[in-house]
Amino acid sequence: MQKNIIEVCFTPSDYDYFKGRFEIVVVIDVLRATSAICSAIHNGVNSVIPVSTIEEAKEYQDKGYLVGAERQGEIVEGFDFGNSPYSYMKPELVGKDVVLSTTNGTRAINIAKEAPIVVIGALTNIDFLCEWLIKQEKNVLCLCSGWKDKFNLEDTICGGAIADILIKSGKFTSDEDTSVGAKYLFQGAKDNYFGFLKSSSHRRRLKRLNLNEDIKFCLTPNQMDVIPILRNGRIEKLEF
Ligand code: MLT
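Residues numbered from 1 in each chain as written. Predicted model: local features only at pLDDT ≥ 70, side-chain atom pairs only at ≥ 80, totals over all residues. Heavy atoms only, no water.

Draft legend 1. View of the packing of helix α5 (residues 126-136) against helix α6 (residues 153-168). Here α5 crosses α6 at 45 degrees, and the two axes come no closer than 10 Å. Overall, the two elements α5 and α6 adopt an arrangement that is oblique. Relative to α6, α5 is oriented so that their crossing is right-handed. Residues I126, D127, L129, C130, L133 and I134 of α5 form the contact with α6, whose participating residues are C158, A161, I162, I165 and L166. In terms of residue class, the contact of α5 with α6 is made up of 10 nonpolar, no polar and one charged. (Axes fitted to C-alpha atoms, helices over the stretch in contact; angles between N-to-C directions. Helix = DSSP H or I, 4+ residues; strand = E, 2+ residues; numbered from the N terminus. Parallel < 35°, antiparallel > 145°, perpendicular 65-115°, else oblique. Left-handed = near helix turned anticlockwise from the far one by under 90°. Contact = heavy atoms within 4.5 Å. Nonpolar A, V, L, I, M, F, W, Y, C, P; charged D, E, K, R; others polar.)

If you want it as structure tokens, here you go:
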């Protein structure tokens, strides 16, 4: 049996070296964009429109959309909310189309948008997502959002976890050292994500901003059976 490929790309700046060989790209920004998007879609938000720049976000706001905008972990002044998963669990957002712009996550989603299938991955939906990925019989790339085009630990660990689950299914294989490295990091972190990531730069940044509850939420696996999927510029719930 021919196995499918699963690889991990550490940063958006490395994406050019990988793209074109994968039918499915899983975009990962554990702290916090993709965890927030999973929460939004799980909690009944109709769609999340990911935009890369504050200018685009502002244009949507002027058209009357609700807009979340985050830079350096903080809510950008003048917008409705930022990037906390808890902001997207509010009853008033159910059924709404919400626009989101974040430092790295929404940029990574837009970088991957030409791929045949783009889905959103986080620790919060990891097992449900992997179950679906295994059934697709397609090549999968995990694109880590990183921090300003640099490697980060939390996205790499999540990519390593996805690679580990897919390879253990017996239907996938990987070849790149990025994927091997991501799996090693996942093995080291899996019993205590919170402790392992204590010294990660973005965890420290969020802690300084008193966002420990967000960190705990984002690092708690399998809270929701949801797969957000990008279609025509909007992230919606994949219905089965
Ligand atoms: C990002 O897109 O860089 C992040 O999700 C940052 C954050 O809000 O924690």
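Draft legend 2. Region of interest: empty space enclosed by the protein. Going through the model one piece at a time under the given rule, you end up with one cavity of 30 Å³ or more. Approximately 90 Å³ is the volume attributed to the largest cavity. In terms of lining, the largest cavity is formed by 14 residues, of which the most central are D29, L31, N104, W147 and H202. Residues belonging to the lining of the largest cavity are distributed by class as follows: two nonpolar, eight polar and four charged. (1 Å grid on protein atoms, 1.4 Å probe; cavity = no way out; pocket = protein on both sides within 12 Å on 5 of 7 lines; lining within 4 Å. Points joined across faces, edges and corners; volume = space filled by probe spheres on them.)

Draft legend 3. Structural context of the packing of aromatic side chains. As enumerated under the stated definition, the model contains five aromatic pairs in all. A ring pair is formed by F128 and F240, whose centres lie 5.9 Å apart and whose planes are at 90 degrees; its orientation type is edge-to-face. Remark: F240 occurs in the segment after β11 (234-237) and F128 occurs in helix α5; sequence separation between them is 112 residues. For F128, a relative accessible area of 23% gives the class partly exposed. (Phe/Tyr/Trp six-rings, centres within 6.5 Å; stacked < 30°, edge-to-face > 60°. Buried < 20%, exposed > 50% of the residue type's maximum accessible area, 1.4 Å probe, protein only.)

Draft legend 4. Just the site of the ligand, in detail. Close to the ligand lie 13 residues, the nearest being N83, T102, N104, G105 and H202. N83 places a polar side-chain atom, nitrogen or oxygen, 2.6 Å from an oxygen atom of the ligand. Between an oxygen atom of the ligand and a main-chain N or O atom of G105, the distance comes to 2.8 Å. Out of a free accessible area of 270 Å², the ligand has 100% covered by protein chains. Under a 2 Å grid-point criterion requiring more than half of the atoms, the pocket assigned to the ligand is the largest cavity. (Near = heavy atom within 4 Å. Polar contact = N/O pair within 3.5 Å; in protein donor to acceptor, adjacent residues only side chain to side chain. Areas by Shrake-Rupley, 256 points an atom, 1.4 Å probe, with all protein chains shown as cover. Sits in = over half its atoms within 2 Å of the grid points.)

Draft legend 5. Representation of the pairing of strand β2 (residues 24-28) within the structure. When you tally the buried positions in β2, you get five out of five residues, the bulk of the element. In the sheet, β2 pairs with strand β7 (residues 117-121) via five bridges, with the strands oriented parallel. Among the inter-strand pairings, V27 is bridged to a residue of β7, identified as I120. Looking at chain direction, β2 and strand β8 (residues 140-144) are connected through five bridges and run parallel. By the bridge assignment, V26 is partnered in β8 with C142. (Pairing = 2+ DSSP bridges.)

Draft legend 6. Up close: the packing of α6 against helix α7 (residues 177-189). Here α6 crosses α7 at 100 degrees, and the two axes come no closer than 7 Å. Judged by the angle between their axes, α6 and α7 are roughly perpendicular. Here L153, T156, I157, G160, A161, A163, D164, I167 and K168 of α6 come into contact with α7, specifically with A182, K183, L185, F186, Q187 and A189. Split into classes, the residues belonging to the contact of α6 with α7 amount to nine nonpolar, three polar and three charged.

Draft legend 7. Quick look at the environment of G170. As for its position among the elements, G170 is in the loop between α6 and β9 (172-173). By relative accessible area, G170 is classed as partly exposed at 28%. Each C-alpha atom, one on G170 and one on K135, is 12 Å from the other, the two residues being 35 residues apart in sequence. Apart from the residues lying within four places of it in its own chain, the contact partners of G170 are M1 and K3.

Draft legend 8. The arrangement of the layout of surface pockets in detail. Reported here for the largest pocket is a volume of approximately 170 Å³. Y15, K19, G20, E114 and A115 are, among the 14 residues lining the largest pocket, the residues nearest its centre. Among the residues making up the lining of the largest pocket, the classes are represented as eight nonpolar, two polar and four charged.

Draft legend 9. Layout of the nonpolar core. Ranked by internal contacts, the top residues of the largest apolar core, which has 39 residues, are V26, L133, I162 and L166. Looking at this core, the elements that each hand over two or more residues are β1 (4-9), β2, α5, β8, α6, α7 and α10 (212-218). In contact with L166, other than residues within four places in its own chain, are I6, C130, L133, I134, V140, K171 and F172. If you look at the next biggest cluster of nonpolar residues, it comprises 32 residues, including C38, I41, V48 and L230. (Core = buried A, V, L, I, M, F, W, Y, C linked by side-chain atoms within 4.5 Å.)

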